[in-house]
Protein chains: 4
Amino acid sequence: MTSVAILGCAGYTGQETLDRVLAHPELEPVALGSNSLAGKPAWALDPRLGAADLPQFVPVAEAASAEADVFFLCVGHDEAAAFEPPADSVVVDLSGAHRLRDAAVAEAWYGAAPGAWSYGLPEVYRPEGRLVANPGCYATAALLALGPIADLADDVLVDAKSGVSGAGKALKATSHAGAVLENLTPYAVGAHRHAPEIAQQLGFAVCFVPHLLPVRRGLLATCYAVGASAADARERLVDAYGDSHVVRVLPDGVAPELARVQGTDAAEVAVFEDRATGTTIVMCALDNLGKGAAGQGIQNANLALGLDETAGLRLQGVLV
Amino acid sequence: MTSVAILGCAGYTGQETLDRVLAHPELEPVALGSNSLAGKPAWALDPRLGAADLPQFVPVAEAASAEADVFFLCVGHDEAAAFEPPADSVVVDLSGAHRLRDAAVAEAWYGAAPGAWSYGLPEVYRPEGRLVANPGCYATAALLALGPIADLADDVLVDAKSGVSGAGKALKATSHAGAVLENLTPYAVGAHRHAPEIAQQLGFAVCFVPHLLPVRRGLLATCYAVGASAADARERLVDAYGDSHVVRVLPDGVAPELARVQGTDAAEVAVFEDRATGTTIVMCALDNLGKGAAGQGIQNANLALGLDETAGLRLQGVLV
Amino acid sequence: MTSVAILGCAGYTGQETLDRVLAHPELEPVALGSNSLAGKPAWALDPRLGAADLPQFVPVAEAASAEADVFFLCVGHDEAAAFEPPADSVVVDLSGAHRLRDAAVAEAWYGAAPGAWSYGLPEVYRPEGRLVANPGCYATAALLALGPIADLADDVLVDAKSGVSGAGKALKATSHAGAVLENLTPYAVGAHRHAPEIAQQLGFAVCFVPHLLPVRRGLLATCYAVGASAADARERLVDAYGDSHVVRVLPDGVAPELARVQGTDAAEVAVFEDRATGTTIVMCALDNLGKGAAGQGIQNANLALGLDETAGLRLQGVLV
Amino acid sequence: MTSVAILGCAGYTGQETLDRVLAHPELEPVALGSNSLAGKPAWALDPRLGAADLPQFVPVAEAASAEADVFFLCVGHDEAAAFEPPADSVVVDLSGAHRLRDAAVAEAWYGAAPGAWSYGLPEVYRPEGRLVANPGCYATAALLALGPIADLADDVLVDAKSGVSGAGKALKATSHAGAVLENLTPYAVGAHRHAPEIAQQLGFAVCFVPHLLPVRRGLLATCYAVGASAADARERLVDAYGDSHVVRVLPDGVAPELARVQGTDAAEVAVFEDRATGTTIVMCALDNLGKGAAGQGIQNANLALGLDETAGLRLQGVLV
């Protein structure tokens, strides 16, 4: 078995990473770091863990110095930036600390200088080495839609919509249910830190606007690829994902839905052509905590460890 | 008092039109047409109407031949197209039957030839005469955002999101709560009939994609005006709506929210500039049943009748 | 005009009280207290207030010493308990500080000794004097259902369900949208502080269980009156509310719905008989922020001031 | 492998049964009946089935005459009542047709005479033989809470709340999202057909009131066991479910939540004592489509076939 340390178990990405680790045939949790849960039994995180045979929670700093084959960083950007990877261990950083390669850009958005980390979006940008920066949830959806067709378009706009778990478990006025229910809130309009991440991978700037949906989990990116042909785009996407067990290209005329990817590590991609202007519209739906976070983290760890790429993933939700 | 006939009281737009008529100081309902409610007492539509002094419901055909100063057509496109306006009466058609002026386009989208109806979006396209085509909900939001700045942009894309009441009260699989809750559904992607309506008013084609939100009411149009300057756009919009009691231009940096316009006939407009590409983003939020339907219908009737433009409107929702 | 000071404008009950004061023909806000908003313009609370001619926000302590005919206490229990009512002013306390008359019970639940305040649920327990304790939202619903029939039942159980605004605007893990959406959470099971309040008014103990609903606003109390006859209960309730503009007794067979009372100060009451056991079921739906808080506060103030009881109330929501 | 025929694949229970069959190591679908999908490929039901190797859909009548070891009846009561079980096959009826043993009661509620079917709620009422009536969703929750303690209570009331999928996929006004969102609807108050089912198993009449929640899936039964001691009730429930992999008795003070059982075949049970009256409150949460329908159906089939009781079940949802 491969030993695993998770830093930051109490947040959404930490919980979901633990979930996938428990379902993984080759991974075994040996250190569960959480400052808020340190010293508490497993069921303090969730009553469903009452029956699981888990190590007790320890402070994050203690988990950071555990002996483990794999470390998952499910902590804030600053803490992740400060983590010193042990020699030989695989480290997957689910924060944004190591996503941006350009030092000035990284400094501007995360106040952190990037190191020699590989960007890991396996279907489009396969990670290399043992230090992997896990993409942002919006960036994952936009890049699954646009990565394979970037050179076909003259201009690209991304209008994205995410469930509230994308904003994390921290208590904020904008995540209060009274502000979320029966509402739709655009935020960080034209100024979100996933924009430079998408631009870095595509090689050019994109206009990006995120909106907060009144749903618990799930994310849809509606991408406008001005100047691209829909037929060419579809061909490229089928080429890219035809053999994937993770990304599903939908039949012509079928649109992605959050409901079909919630609680899973799968993604759906669809291509449409606007009747009036000919603009190519590529949509991608995924679960922001699955393919958009923990699921992709496990996938990246699997690749770095030489395991089956989809081991431990939740690829199929319930059928309703 | 001005006498009113409503054709189609049992649907959402009919109910809301009745609501505004009851709140209107100058309008008095004299004929309430509804085939499903014909012969039933007022509270059969809603227990809250138990105390109201209302005429009994009659078949739509009977309401259509009533003597009334104003007719509100809250029926399907076909029925609205078949309605013969009495001489001298004001008629506001809340269906799509009379929105498109080009015969071929109207035929293609509604199977109906347009007559001599005026398009009534008072703040941007002031209606004339006594026959008024009430705009679609998406078109209203897009045109409030884009109408005053159409000539500033090289290219325009509209990504819109609407609550489920926008699809009407008819029973459809896509309106079943099991398909709506915890979901987001793009539909009629690049092929929605409000696209030609927006194009007609702006004078050029637009790329338009609607999405179904898991909310009861409320609509947001996120409009991308490529090539326009955000400062110019803001100036134009403040000029256009500075004196309006219906449309509110938000302070710099404040985004529209459904929660603030739900249950009202008001709209919110905001302008942003994308940091990476300079693209101007104009957003408009409104209640699809208020400013997007019944509220605007009353506003149009007020203008045609020479009444105070905002009489009977619900301009302020509860403050939470 | 009657001058009004609101202590605590930034919370839900404060916002809604301000809303009703602005809509009231006789009330004029002269002091708006909010520590978080002190010194800020009105639109900092809500962009919709941009056009209103309002005094600037001041610290709560400053508002507490304003000269005003009416004070609305929309602050926490401790702050409300510490407020010293000016001679001659009307004070409506929307917190729980003055609801419980028994000193030991009040101390146990609120850590506060009650003063000479009158409990104000106008339809059932008409307030007297100028110091009025505004009932809790759950208590209001339970007492509207049970107050008029208390002596008919051998035993009473109240199963209540409330929208998330009932828990206030404070940031708590249980109000995070990720914990609320697609969920239903029983809380304070058999141990909620509205239980002794209901018991005090009915004169005997009741079993009370509240549940948190995934809705923004609205509350339903399903009350089981074991041993009462449904016909007798209906007769009593029709007697009690037949002339009310606030409480609506629904026709036989029609159940209350949150949707019909949201955003209003009205309430709906219905009576059913269980087919198998003959148990009488009385239900009451109301908006926890309306009849359950601010609306009732205004109603109580109107009575204490000798104004029309329903002045300023929102008695009719939109009709959909 | 054990061959399976599903009658009625397009409804919610049919879809979920197919989901569990596909995940089952010993079951193989050989006939998929659906009149609406007959002749269509698997992905017409759901794009996620595109990759599955499934037989084409056939008319229900054709599936009913297939050679199969197990039949799951996911059709209406009438169709299920008319089905003639082949000799030697196991049949699990997910409709209500065979739940009520008393002929007059069955006739009154389902218009159908019961046959020699066994009621299958494995943890409390273990099924016998090869013809199994699968309990209703509300009945399952109420009986998991009350079955083991029925003799302890003097009187029992069940206040239940269910997500909209409990009402099926059929198009009804009450399942329209416009009627469900931001709402809570009591229905069939004191007159629901699961009441006689609960009464049959407990041996005495119960007062039962269901409410429709604005959630997609999940059900909570709040059961009031008047006269029972909470300590005794807890002891009985721990005895009953201590070894179960399906039903989890929660630690003292922890309430069940829909979120933890959604998408699973597990259930949560908790016991509380009302502080004021001493009433024992037992709550049970489950997924109405999981333990409340398809999951229990598979569990019953496993028992009838002599397979591992939990084979194919989804016992663990995602951890957030």
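Residues numbered from 1 in each chain as written. Chains lettered and ligands numbered in written order. Predicted model: local features only at pLDDT ≥ 70, side-chain atom pairs only at ≥ 80, totals over all residues. Heavy atoms only, no water.

1. Some remarks on the side chain of N134(B)
Residue and element names in this part refer to chain B.
- With respect to the helices and strands, the residue N134 is situated in the loop between β7 (131-133) and α5 (137-146).
- By relative accessible area, N134 is classed as buried at 1%.
- Each residue touching N134, except ones within four places of it in the same chain, is listed here: V92, D93, L94, S95, R99, G120, A293, Q296, G297 and N300. (Helix = DSSP H or I, 4+ residues; strand = E, 2+ residues; numbered from the N terminus. Buried < 20%, exposed > 50% of the residue type's maximum accessible area, 1.4 Å probe, protein only. Contact = heavy atoms within 4.5 Å.)

2. A word on the sheet that holds strand β10 (residues 207-212) of chain C
Residues and elements named next belong to chain C.
- If you walk across this open sheet you meet the seven strands as β9-β10-β8-β11-β14-β13-β12, and the pairing is mixed. Each having just a single partner strand, β9 (185-186) and β12 (247-249) make up the two edges of the open sheet.
- By the bridge criterion, seven bridges tie strand β11 (residues 219-226) to strand β14 (residues 280-286) in an arrangement that is antiparallel. Directly across from C223, in β14, lies its bridge partner V282.
- Strands in contact with helix α8 (residues 230-241) are β12, β13 (267-273) and β14; relative to β13, the strand with the most contacts, it is inclined by about 160°. (Pairing = 2+ DSSP bridges. Axes fitted to C-alpha atoms, helices over the stretch in contact; angles between N-to-C directions.)

3. Concerning the domain arrangement of chain A
All names here are of chain A.
- Once the domains are mapped, chain A shows domain 1 (2-116) and domain 2 (137-288).
- Look at where the C-alpha atoms of domain 1 and domain 2 centre, and you get two points 26 Å apart.
- Summing both sides of the interface, domain 1 and domain 2 together bury roughly 1,200 Å²; the carbon and sulfur share of this comes to 47%.
- Taken together, domain 1 and domain 2 are joined by three salt bridges.
- Among the ionic pairs, E16 bridges to R217, the shortest N-O distance being 2.8 Å.
- At the level of secondary structure, the elements contributing two or more residues to the side of domain 1 that touches domain 2 comprise α1 (12-22) and α4 (103-110).
- Counting residues per element, the side of domain 1 that touches domain 2 draws most heavily on α1, which supplies four residues. (Domains from an automatic or database assignment. Buried area = accessible area lost by both parts, 1.4 Å probe. Salt bridge = Lys/Arg side-chain N within 4 Å of Asp/Glu carboxyl O.)

4. Looking at the interface of chain A and chain B
- Tallying the contact residues gives 44 residues for chain A and 44 residues for chain B.
- Buried surface at the junction of chain A and chain B, both sides included, amounts to about 3,500 Å², of which 63% is carbon and sulfur.
- Summed over the three residues of chain A that lose the most area to chain B, namely E182(A), L184(A) and Y224(A), the buried surface amounts to 17% of that side.
- For the interface between chain A and chain B, the tally reads two salt bridges.
- Our enumeration of links across chain A and chain B arrives at 20 residue pairs in polar contact (both at pLDDT 80 or more). (Polar contact = N/O pair within 3.5 Å; in protein donor to acceptor, adjacent residues only side chain to side chain.)

5. Details of helix α5 (residues 137-146) of chain A
- The buried fraction of α5(A) amounts to ten of the ten residues, a majority that puts the element mostly inside the structure.
- Here α5(A) has its buried residues at C137(A), Y138(A), A139(A), T140(A), A141(A), A142(A), L143(A), L144(A), A145(A) and L146(A).

6. Re the relation of the copies chain C and chain D
- Its rotation angle being 180°, the transformation that places chain C on chain D also includes 0.0 Å of axial translation and leaves an RMSD of 0.0 Å. In the structure described here, the two chain copies are related by an operation that fits a two-fold rotation axis. (Least-squares fit on C-alpha atoms with pLDDT ≥ 70 in both.)

7. Thoughts on the interface of chain C and chain D
- Facing the 44 residues of chain C at the interface are 44 residues of chain D.
- Taken as a group, E182(C), L184(C) and Y224(C) account for 17% of the area that chain C buries against chain D, more than any other trio of residues on that side.
- Viewed at the interface, chain D and chain C are joined by two salt bridges.
- With a shortest N-O distance of 3.0 Å, D159(D) and K161(C) are connected by a salt bridge.
- Applying the counting criterion to the chain C and chain D interface returns 20 residue pairs in polar contact (both at pLDDT 80 or more).

8. Let's talk about the relation of the copies chain A and chain B
- With an RMSD of 0.0 Å, chain A superimposes on chain B once it is rotated by 180° and translated 0.0 Å along the axis.
- The overlap is high: 100% of the interface residues of chain A also sit at the interface in chain B, so the same surface is used on both sides.

9. Observations concerning the packing of α5(A) against helix α10 (residues 290-305) of chain A
All names here are of chain A.
- At their nearest, the axes of α5 and α10 sit 8 Å apart, and the two run at 100° to each other. Considering their axes alone, α5 and α10 lie roughly perpendicular with respect to each other. Here C137, T140 and L144 of α5 come into contact with α10, specifically with K291, G292 and Q296.
- Its residues assigned to classes, the contact of α5 with α10 shows two nonpolar, three polar and one charged. (Parallel < 35°, antiparallel > 145°, perpendicular 65-115°, else oblique. Nonpolar A, V, L, I, M, F, W, Y, C, P; charged D, E, K, R; others polar.)

10. Brief notes about the packing of α1(A) against α10(A)
Residue and element names in this part refer to chain A.
- Orientation of α1 relative to α10, taken along the N-to-C sense of each, is 45°, at an axis distance of 9 Å. Taken as axis vectors, α1 and α10 run oblique relative to one another. Of the two possible hands of crossing, α1 and α10 adopt the one that is right-handed. In this structure, α1 uses T13, E16, T17, R20 and V21 to contact α10, whose residues at the interface are G290, A293, A294, G295 and I298.
- Looking at the contact of α1 with α10 residue by residue, the classes come out as four nonpolar, four polar and two charged. (Left-handed = near helix turned anticlockwise from the far one by under 90°.)

11. Overview of the environment of N183(D)
- Mapped onto the elements, N183(D) comes out in the loop between α6 (177-180) and β9 (185-186).
- N183(D) sits 30 residues away from L213(D) along the chain, and the two C-alpha atoms are 7.2 Å apart.
- In this view, N183(D) contacts V215(C), E257(C), L258(C), A259(C), L212(D) and P214(D); residues no more than four positions away in its chain are not counted.
- Within polar-contact distance, the side chain of N183(D) engages the side chain of E257(C) at 2.7 Å.

12. Digging into the environment of L319(C)
- On the secondary structure map, L319(C) appears in the segment after α9 (290-305).
- Sequence separation between L319(C) and R260(C) is 59 residues, and the spatial gap between their C-alpha atoms is 7.8 Å.
- In this structure L319(C) touches Q15(B), E16(B), L18(B), D19(B), D46(B), R48(B) and L49(B), once residues within four positions along its chain are discounted.

13. Re the sheet that holds strand β12 (residues 247-249) of chain A
- One open sheet holds the seven strands; their spatial order is β9-β10-β8-β11-β14-β13-β12 (chain A), and the pairing between them is mixed. If you trace the sheet from one side to the other, it starts and ends with β9 (185-186) and β12 of chain A, each paired once.

14. Details of the packing of aromatic side chains
- Counted according to the given criterion, the structure contains twelve aromatic pairs over all chains.
- Plain terms: the ring middles of Y138(A) and F208(A) are 5.3 Å apart, the flat faces sit at 70° to each other, and that makes the pair edge-to-face. Of the two residues, Y138(A) sits in helix α5 while F208(A) sits in strand β10 (residues 207-212), which places them 70 residues apart along the sequence. Grouping residues by exposure puts Y138(A) and F208(A) together as buried.
- Between F71(C) and F83(C) the ring centres are 5.4 Å apart and the planes differ by 50°, which places this aromatic pair in the tilted class. (Phe/Tyr/Trp six-rings, centres within 6.5 Å; stacked < 30°, edge-to-face > 60°.)

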